[in-house]
Amino acid sequence: MNKLLLASIHDVGPRFESEVDRLADLLGGVLHGPKFAMLVVPDHWGLAPLGSAAAFRARLRGWADQGIEMFVHGWFHKDLSQHQGGLAGLKARHMTAGEGEFLGLTEAEAARRMADGKALIEDATGRPAAGFIAPAWLYGPGAMAALQRSGLPLAEDHMRVWHAATGQTLASGPVITWASRSRPRQLSSLAVAALARSFFHGLEVTRIAVHPGDTGVPALLDSIERTVRRFARQRRAGHYGELLAGRAPE
């Protein structure tokens, strides 16, 4: 079984502790252990600072000790930039509900938030961060430039996983995810997941991403479980870090 399944829980932090617990139980039950990643937000929307949440930091360390990879997932997860039209403005309006934090940042500000997030999460877990994944998988030019010198190994967007320093693609193919914020988006994501269960089996690496908001919609939870279970029958659940082992020499 050479094909790989990479599952992840987004928006991990004290603001969504109960939702993260529920998703971790679901993934851990289907995958027979903590064979997934967590994407940690240092201060979700400025309302849940990890730095002052000692109990949750202890939980992160416990999860990391079990083998769960920890990614830096932005800083606020909220987009505070003023976009003046163009492609960035289009993405900010239509691809996310105001959460593309790294879409409009300068290189200096993106680098600062990446470094601060890395330091905070590594201090909490006692282990190196697995990489950086921008909120809503959206990166502006400043974020891409900062990522190259961040010292973080991996990055990911909707369509690929890459080596942060070199840009080398390590895995390709669309991530399977669900949207909970409106009924049309829920229906659309349910339909896409159903198609993925039938047509994505040729991918060498399948990625599945879940979010705290998914827990409030029973149909999404059912779809998530069926999707993870379907792929787990035909491939091995593993870690993003395994992709680095096969990376060509620089």
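Cut-offs applied
Residues numbered from 1 in each chain as written. Predicted model: local features only at pLDDT ≥ 70, side-chain atom pairs only at ≥ 80, totals over all residues. Heavy atoms only, no water. Helix = DSSP H or I, 4+ residues; strand = E, 2+ residues; numbered from the N terminus. Buried < 20%, exposed > 50% of the residue type's maximum accessible area, 1.4 Å probe, protein only. Contact = heavy atoms within 4.5 Å. Areas by Shrake-Rupley, 256 points an atom, 1.4 Å probe, with all protein chains shown as cover. Phe/Tyr/Trp six-rings, centres within 6.5 Å; stacked < 30°, edge-to-face > 60°. Lys, Arg positive; Asp, Glu negative; His and termini not counted. Salt bridge = Lys/Arg side-chain N within 4 Å of Asp/Glu carboxyl O. Polar contact = N/O pair within 3.5 Å; in protein donor to acceptor, adjacent residues only side chain to side chain.

K.L.:
Help me understand the overall build of the protein chain, please; the structure alone is not making it clear to me.
P.N.:
Within the protein chain one finds eight helices and nine strands. Within the protein chain, the proportion of its 250 residues that are buried is 51%. Sequence separation of at least 24 residues holds for 73% of the intrachain contacts in the protein chain that already meet a minimum separation of 6. Within the structure as shown, the protein chain displays about 10900 Å² of accessible surface, and the carbon and sulfur contribution to it stands at 54%.

K.L.:
I'm lost on the packing of aromatic side chains in this one. Help?
P.N.:
Each aromatic ring pair is described using two quantities: the centre-to-centre distance and the angle formed by the ring planes. For the coordinates displayed, the defined rule picks out five aromatic pairs. With a centroid separation of 5.9 Å and 70 degrees between ring planes, the pair formed by phenylalanine 56 and tryptophan 63 is classed as edge-to-face. An identical accessibility class is assigned to phenylalanine 56 and tryptophan 63; each is buried. Arranged with centres 5.0 Å apart and planes meeting at 70 degrees, the rings of phenylalanine 71 and tyrosine 240 form a pair that is edge-to-face. Highlighted residues: phenylalanine 71 in strand β3 (residues 69–72) and tyrosine 240 in the loop between β9 (236–237) and α8 (242–245), separated in sequence by 169 residues. The same class applies to phenylalanine 71 and to tyrosine 240, which are both buried. One aromatic cluster is present, built from ring pairs that chain together Phe102, Phe132, Tyr139 and Trp162.

K.L.:
Help me out: how do you make sense of the side chain of aspartate 11 in this one?
P.N.:
Counting through the fold element by element, aspartate 11 comes out in strand β1 (residues 4–12). Comment: no salt bridge for buried aspartate 11; closest opposite-charge side chain is arginine 15, at 8.6 Å. At 2.8 Å, the side chain of aspartate 11 forms a polar contact with the side chain of histidine 77. For aspartate 11, the residues in contact, after removing those within four places along its chain, are Phe16, Val20, Leu39, Val41, His44, His73, His77, His211 and Pro212.

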